Protein chains: 4
Amino acid sequence: MSFNTFGHLFRVTSFGESHGPALGCVVDGCPPRIPLTAAEIQNDLDKRRPGQSRYTTQRQEPDAVRILSGVFTDEATGQDMTTGTPIALLIENVDQRSKDYSDIKDKYRPGHAGYTYDVKYGFYDYRGGGRASARETAARVAAGAIARKIVPGVTVRGALVRMGPHAVDRSRWDWDEVSRNPFFCPDAKMAEIWADYLDGVRKAGSSIGAVVEIVADGVPPGLGAPVYGKLDAELAAGLMSINAVKGVEIGDGFAAADLSGADNADEMRMGNDGKPLFLSNHAGGILGGISTGQPVVARFAVKPTSSILQPRKTVDRYGRDAEIVTKGRHDPCVGIRGVPVGEAMVACVIADHYLRHRGQVGEGPSWPFPMTDR
Amino acid sequence: MSFNTFGHLFRVTSFGESHGPALGCVVDGCPPRIPLTAAEIQNDLDKRRPGQSRYTTQRQEPDAVRILSGVFTDEATGQDMTTGTPIALLIENVDQRSKDYSDIKDKYRPGHAGYTYDVKYGFYDYRGGGRASARETAARVAAGAIARKIVPGVTVRGALVRMGPHAVDRSRWDWDEVSRNPFFCPDAKMAEIWADYLDGVRKAGSSIGAVVEIVADGVPPGLGAPVYGKLDAELAAGLMSINAVKGVEIGDGFAAADLSGADNADEMRMGNDGKPLFLSNHAGGILGGISTGQPVVARFAVKPTSSILQPRKTVDRYGRDAEIVTKGRHDPCVGIRGVPVGEAMVACVIADHYLRHRGQVGEGPSWPFPMTDR
Amino acid sequence: MSFNTFGHLFRVTSFGESHGPALGCVVDGCPPRIPLTAAEIQNDLDKRRPGQSRYTTQRQEPDAVRILSGVFTDEATGQDMTTGTPIALLIENVDQRSKDYSDIKDKYRPGHAGYTYDVKYGFYDYRGGGRASARETAARVAAGAIARKIVPGVTVRGALVRMGPHAVDRSRWDWDEVSRNPFFCPDAKMAEIWADYLDGVRKAGSSIGAVVEIVADGVPPGLGAPVYGKLDAELAAGLMSINAVKGVEIGDGFAAADLSGADNADEMRMGNDGKPLFLSNHAGGILGGISTGQPVVARFAVKPTSSILQPRKTVDRYGRDAEIVTKGRHDPCVGIRGVPVGEAMVACVIADHYLRHRGQVGEGPSWPFPMTDR
Amino acid sequence: MSFNTFGHLFRVTSFGESHGPALGCVVDGCPPRIPLTAAEIQNDLDKRRPGQSRYTTQRQEPDAVRILSGVFTDEATGQDMTTGTPIALLIENVDQRSKDYSDIKDKYRPGHAGYTYDVKYGFYDYRGGGRASARETAARVAAGAIARKIVPGVTVRGALVRMGPHAVDRSRWDWDEVSRNPFFCPDAKMAEIWADYLDGVRKAGSSIGAVVEIVADGVPPGLGAPVYGKLDAELAAGLMSINAVKGVEIGDGFAAADLSGADNADEMRMGNDGKPLFLSNHAGGILGGISTGQPVVARFAVKPTSSILQPRKTVDRYGRDAEIVTKGRHDPCVGIRGVPVGEAMVACVIADHYLRHRGQVGEGPSWPFPMTDR
């Protein structure tokens, strides 16, 4: 993670402001000969797209993606495939209403990045949050759609598990529910509660925080680059870099602070297929920064958006006390659209570690049993 | 964060196994002409040093550091100063009892990195955890001692704020208490409770998790490299890369999921000195990945060590079911020694961002008021 | 230098194939508040643009650049300025005649990258050389136009100093001549000779190599990151990464192999302004990988293009012997258009080192006299 | 290449000054389970070791290397093997005669890095050149010894091909000669000429430049990371980063500027083994930045050392004109010891690209014939 590029072998560089002409990214290091079409990327983008329900911003952005490079049609098969060279993805901005911001362009929204961008750079594109806008996450989702195609057998899924005080009931968890409600909620009953709750928040001109959970199934054991490029360290960076995220945890996360060593240990037995089984997954699929072969489980907390209709005390760019009300069009619970973004970041980090592992260790079986056969 | 190096301009590369001849690090990119002696680094290392109370491992390691390069005596002043070239720090291992591990060398400790290292590399130095051992964190603390000298006016302090079920009472927080008890506990009363509690854990041959809080005061506003190298993203990576850490949060962290936008907003007023004041610090000193000038507050959860005397089910390297009891010498609460390590990581990340900011933006005043003067 | 990104603080990521929809780059890390317009970038691009004389490819590409992000209009001044966020630059391809290549798509051009791309990736966009095309260098020139604006007082200029057997006469060197002939030749007389010579080469369906020299005046002393990120090491990488370049030298370069230590020494005297003067510049402005304050002088050799009308023996993708004649539209001397590209690479490397130096050492005076004042 | 670390997956970080307590490096990213002993590394170091003939510095340094980490004894075989974790290598300095430098510590040697280090950092360890000393290259050679073990079938060899005006006769080239004379000269007859010539240089208190050639046989086709991390670009950086190097070329190098496209084309035919053959190697084994499978050939020019007995005009740290004579113990032709250093750098760059290629593309056959089988 550095500046506007992340990843080591699978590298994503993003660009673009909320109300500029376009945003996008360059995905470098993708293996060659992977089938890829704009439609596949669009599919993921559509999950993150604004304006799809009354629970997200009403800005209407088609978020139509164009592939500018790095993909070519294989003559033998007629299939579009990656060439191994940089894949540039472009999304034009369409529905900017920059004048919405003219009222507040000189006032800092409490809890918003406008203040710090201005302090850092002495200048910033205030329209819609500029570079600090969550629109940047469209680039992440697009990159993630490519990342998903790299590691055979891996599935990355996410769900909203808490909205304000209302957490899902894990006994009702059903992945199929996630696509059936506008909240990415795996608990049908809770989705109904959230619908009412969020209507209230929205009507009050307020906003609310949330927690997102991402689960990656099928991650091969052995991925991770200790000690500073640990899989969990880079997941933490990737997820914390998403707008409005204030906390990240792996497996039991903060709850592990309450556990004894005996309770926290994921005991092991040999399975019938000659491979070890874990009897629990407190670790969230990562030990010592390396994947165990269990599902990788990460969770992140999303703060409520700072763009609210309730007036707040602030100062302006000229050093005067002021009061601010943010009209614009905002998500009452930005955590919702954080779900596909979180999936994308996890997919990218895993793809990168897969390539890095293959680079250092090769493609040989990473399975250690029986050790004497080595 | 990548592999065994972290940082961009202030870069730390560490090496060494728990029971090898030595461990250490190379600190590259340090500004020149900063006074530096081994004694200063030793001072920080001594806080992390094992064997100082009955609450940490009884391994006796002096952790004496030698500076091998990058420091030279200025003739004019007689002072040892950094030269701007790589500073290599060496800590020899002294008290290895590798035979302690011979009983368990072929069995995987549930919850320990031995399994994943073996799966990844097909081979590993099992003695004392090898590279996965928390001894590696001595290198971080040594690097952190240098990092602390780079940003004028910054103080990085840490404290243990929870041990298992017992959290400190923030109304009793006293930084001076931290050095008066063996737990880095800022709450004198809680330290007493922990003493009894941890005696029980230790005697039961068990272990317990913890939460550490790090506060950096005096961080100048404007540090952070959006959007992937955000200050909080790199703090998250740095802290998550510490052994046994399972969760990281900034400011209100996971509690922000429960807040409304109005409650979460850190309102602002102009102060008497013509600078803006924040009326609260839910953000933990970071907005949009850039420091606000408020204290930077990070917290991380440390799981209980997996090395316990209570027998656990496991498998061995030959694919057989087994039972394991880890004798060795271990910390019943590794979170305690996580405090100086967390401080070091935060200090390194801030130093790196300070240099990066200076590189991109220069040393001019980052203060924006009044904007018309620009 | 790595993959499709180069630079550390001033970072350029490029993308795009010769006959794809577009090419471009993302410039990350640019300091904020630098005035920047597309017209300024266009000005540099126009120097490299094909089809401007009969001595370069007849492909007609306007190479019109669009700024997609990272620039915003300052309200106070009405000036477009960098914001410190990534600057994305887009150049659409217009005049692709891909069918020109259908004859040769299955045959490898001897001396062309088509073979190695195919071996590496098992697949490649053969149209016009795909990613290996010199069209990629338009992105470098665009980035270089930004880089030129970063270091105060630096001027980067280039010239063609040799075409095949014909070298310029340095006693006739006139920088003003460079823009007066289609060869970037600083020697008016030699330009005439080249005109005739290259007509002959072109009519013979052949091509010829060349040598380019780049001079950067006004480079402040102290830039360079020893020992692996030396200024000259990164100039060498940057210049060698340009298509068709086979050699790079700094200052006297290979001629230094013939010199004695006494002859090679750039002696010094104190100047009237209290600053040291060098009595010669064998070193090309760099000692120990760090700039001396003298002009930085680099030279690179460009091989003749492999795309010629003379038939050559080769093999095809199906493992059969074949003969190849490359029609397309090619430069008889690609070295000519290498001049603005070389300037751009040198400008980018210097800008990056300027920011890196400022990061590590700050903006203080780097001048050491008198040392006792420190 | 950046700062004091180079490489992406095979990464070398070096540290140490000429007259400090020790120098060394950390090699990160080495694949696991590669047999490795200190004796093997020592073998390479001994080639570079000073004081072995009257033609190199008389400083007596055993350059004894210790492996501090990253290697462990495999129990099954009793063999020391890499573990995949960082390999730290330490070489203690023994024969420092720092007082040799006290005469000249305040005067800048013309053509030496002392001036630029002082300008950059405002301070430097002047003893024996400090960090700028060629002693640093011992770390490179040590790292190179590890790199040589990574890519199956690759052999990297070097030779001195020119000393001042005297170039070897390629018709007499015999690799076996290289180890039979103190110059790494592949031409026995020229070695005799050099012996007399260099005696003269040495006795005159002067020094002389040289050219070194490195050949890597057996490099698999497909290595290289276009467009900025090209194999030749990184070789250029690696070789240019060696002390005193002023020029680098690949294959025909600067001579390619004189060639026509027809002459420069390496024509191809199908070989009896069904693989393509090249009929020449003007390209030096690299096209488009990617290896062709032919020998990789690189050459670099080494300037004469600036440390000579002949008096030169200079200035001192206090801004006064001065005259300097450098006594110390120096190599009359530093190019000689540049041979093992050049080999090491080439070996490291190839190893890194091998791992990077394996990461992106995998271990599958990179051979494209017949393409229809794909």
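Going by the structure above, here's the rest.
Counting starts from 1 at the beginning of each chain's written sequence and moves along it residue by residue. Chain letters start at A and ligand numbers start at 1, both assigned in the order the entries are written. Under the rules for a predicted model, residues below a pLDDT of 70 receive no local features and side-chain atom pairs below 80 are neither given nor counted, while totals for whole chains, interfaces and linings still include all residues. To obtain the side-chain values, all non-hydrogen atoms of the structure were included, while hydrogens and water were left out.

Novice: How would you sum up the relation of the copies chain C and chain D? Please name residues and give values.
Specialist: When the copies are overlaid, the least-squares fit takes in C-alpha atoms only where the residue has pLDDT of at least 70 in both copies. For the pair chain C and chain D, the best superposition has an RMSD of 0.0 Å and corresponds to a rotation of 180° with a translation of 0.0 Å parallel to the axis. Those values place the two copies in the arrangement expected of a two-fold rotation axis. Should any heavy atoms of two residues lie within 4.5 Å, those residues are considered in contact. In this assembly the copies share their binding face: 100% of the residues contributing to the interface of chain C also contribute to that of chain D.

Novice: Got a sec to walk through the interface of chain C and chain D? Specific residues and values, please.
Specialist: Contact with chain C, which involves 118 residues of that partner, is made by 118 residues of chain D. Summed over both partners, the interface of chain C with chain D buries about 9,400 Å², with 61% contributed by carbon and sulfur atoms. Salt-bridge detection follows one rule: a side-chain nitrogen of Lys or Arg within 4 Å of a carboxyl oxygen of Asp or Glu. Our count for the chain C to chain D interface comes out at 6 salt bridges. One salt bridge connects Arg162 of chain D with Asp258 of chain C, and the closest N-O pair in it is separated by 2.5 Å. Buried area is understood as the total, over both parts, of accessible area removed when two parts are fitted together, assessed with a 1.4 Å probe.

Novice: Give a detailed account of the pairing of strand E7 (residues 87–92) of chain A, specifying residues and quantitative values.
Specialist: Residues and elements named next belong to chain A. Relative accessibility decides the category of a residue: with a 1.4 Å probe and only protein chains considered, values under 20% of the type maximum give buried, values over 50% give exposed, and everything between is partly exposed. Secondary structure elements follow DSSP: runs of H or I of four or more residues count as helices, runs of E of two or more count as strands, with numbering from the N terminus. For E7, a buried count of 5 out of 6 residues is recorded, marking the element as mostly surrounded by other parts of the structure. By the bridge criterion, 6 bridges tie strand E3 (residues 22–28) to E7 in an arrangement that is antiparallel. Pairing of Val26 across the sheet is with Ala88, part of E7. With 3 bridges joining them, strand E4 (residues 65–67) and E7 adopt antiparallel strand pairing. Bridge pairing links Arg66 to Leu90 in E7. Strand pairing follows a simple DSSP-based rule, namely that at least 2 bridges must link the two strands.

Novice: Report on the environment of Val27 of chain A, specifying residues and quantitative values.
Specialist: All names here are of chain A. Residue placement: Val27 occurs in strand E3. We classify Val27 as buried; its relative accessible area is 0%. Sequence separation between Val27 and Ala88 is 61 residues; the distance between their C-alpha atoms is 6.3 Å. Ignoring any residue separated from it by four or fewer positions in sequence, one finds Val27 in contact with Phe10, Arg11, Val12, Thr85, Pro86, Ile87, Ala143 and Ile146.

Novice: Tell me about the environment of Arg358 of chain B, and please be specific about residues and values.
Specialist: Within the secondary structure, Arg358 of chain B sits in helix H7 (residues 338–361). When its relative accessible area of 10% is taken as the criterion, Arg358 of chain B is described as buried. A C-alpha to C-alpha distance of 34 Å links Arg358 of chain B and Ala262 of chain B, two positions 96 residues apart in sequence. Dropping the residues within four chain positions of it, Arg358 of chain B is found in contact with Pro31 and Glu363 of chain B together with Arg358, Gly359, Gln360, Val361 and Gly362 of chain C.

Novice: Please give an account of the relation of the copies chain A and chain B that cites residues and values.
Specialist: The transformation that overlays chain A on chain B combines an axial shift of 0.0 Å with a rotation of 180°, and the residual RMSD is 0.0 Å. Both copies contact each other with a shared surface, as 100% of the interface residues of chain A are interface residues in chain B too.

Novice: Report on the pattern of salt bridges, specifying residues and quantitative values.
Specialist: Tallied over the full model, the rule gives 116 salt bridges over all chains. Residues Asp187 of chain A and Arg172 of chain A are paired through a salt bridge, measuring 2.8 Å at the closest nitrogen-oxygen approach. Taken together, the positions of Asp187 of chain A in the loop between strand E9 (166–167) and helix H4 (188–203) and Arg172 of chain A in the loop between E9 and H4 put the pair 15 residues apart, joining distant regions of the chain. Here Arg172 of chain A falls in the partly exposed class, since its relative accessible area comes to 31%. Between Asp316 of chain D and Arg320 of chain D there is a salt bridge; the shortest N-O distance is 2.8 Å. When its relative accessible area of 6% is taken as the criterion, Asp316 of chain D is described as buried. Overlapping salt bridges bring together Arg170, Glu213, Glu249 and Arg299 of chain A as one network.

Coordinates in, geometry out; function isn't part of it.
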